[in-house]
Amino acid sequence: MIRARFQLFSRGIFPRIMKSVAFGVALAVVFIFGLLGSREILAAGPTYVSGSITTDTTWTLSGSPYIVQGSIIVESGVTLTIEPGVEVQFTSARYLDVRGALVAEGTATAPITFTNAVTGTASPGVWYGVRFYDGSRGRLANCVVNSAGYGNWGALMVYS
C-alpha cells in the first residue's frame, strides 16, 4: 500500500499534473509580463504641466500627452528634453518660453508634435508658440508644430 502511494506520487500521474501546472503558470507569467512591457498599458499620460521648469527635465513617451494648462518657462541653465513620439498639447493662449535649452529630437517614425488641446480645432492661433530668448539653446528635429501663432506671434520665434 505504501509502495503503491509512493509510485503514484513519484512516477505516476502526480508528476505529470505538476509539470502541466508549472508549464501553465510559466506561460501565464510570460504573457502577463509581455503585456506589462507594452507602452500602451504602462502609459501614465496624460500629464498636466504649467509654470517654470527649474531643474533638468525629460518629458517621456510614457507620460504623453503633456497638456500645457499654464504657460511653460524653461529657466536659464536648465534643459527640457522631449523624447521622440511625445505629443505636447497647449490649451488656449499658452506658450513655451525657452531661456535655457530645449532638446526635442523626434524621429521619422516618431515625431514630436506641438499642437493644441482644443478638440476639433486645427486653425492657427489656438496657442501662442515656442519662443527662444537671447542666450537660450535649442535642438529640434522631426517636430510638427500646428495650430500655433496667436495674434502677432509666429509658431516659432527666436529673439537675439
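As shown above, the structure is provided for reference.
Residues numbered from 1 in each chain as written. Predicted model: local features only at pLDDT ≥ 70, side-chain atom pairs only at ≥ 80, totals over all residues. Heavy atoms only, no water.

**Things to note about the pattern of salt bridges**
- Throughout the structure, instances matching the rule amount to three salt bridges.
- For the salt bridge of D97 with R99, the shortest nitrogen-to-oxygen distance reads 4.0 Å.
- Between R131 and D97 there is a salt bridge; the shortest N-O distance is 2.6 Å. One end of the pair, R131, is in strand β9 (residues 129–132); the other, D97, is in strand β6 (residues 95–98), and 34 residues separate them in sequence. Each member of the pair R131 and D97 is classed as buried.
- When salt bridges that share partners are traced, they join D97, R99 and R131 into one network. (Salt bridge = Lys/Arg side-chain N within 4 Å of Asp/Glu carboxyl O. Helix = DSSP H or I, 4+ residues; strand = E, 2+ residues; numbered from the N terminus. Buried < 20%, exposed > 50% of the residue type's maximum accessible area, 1.4 Å probe, protein only.)

**A few points about the nonpolar core**
- Membership of the largest hydrophobic core comes to 23 residues, with the highest contact counts inside it found for W59, I82, L96 and F114.
- Counting residues per element, the ones that place at least two in this core are β1 (47–53), β3 (66–74), β4 (79–82), β5 (87–90), β6, β7 (101–105), β8 (112–116) and β9.
- Look past the residues within four positions of L96 in its chain and what remains in contact with it is I72, V74, L80, F90, L102, F114, G129, V130 and R131. (Core = buried A, V, L, I, M, F, W, Y, C linked by side-chain atoms within 4.5 Å. Contact = heavy atoms within 4.5 Å.)

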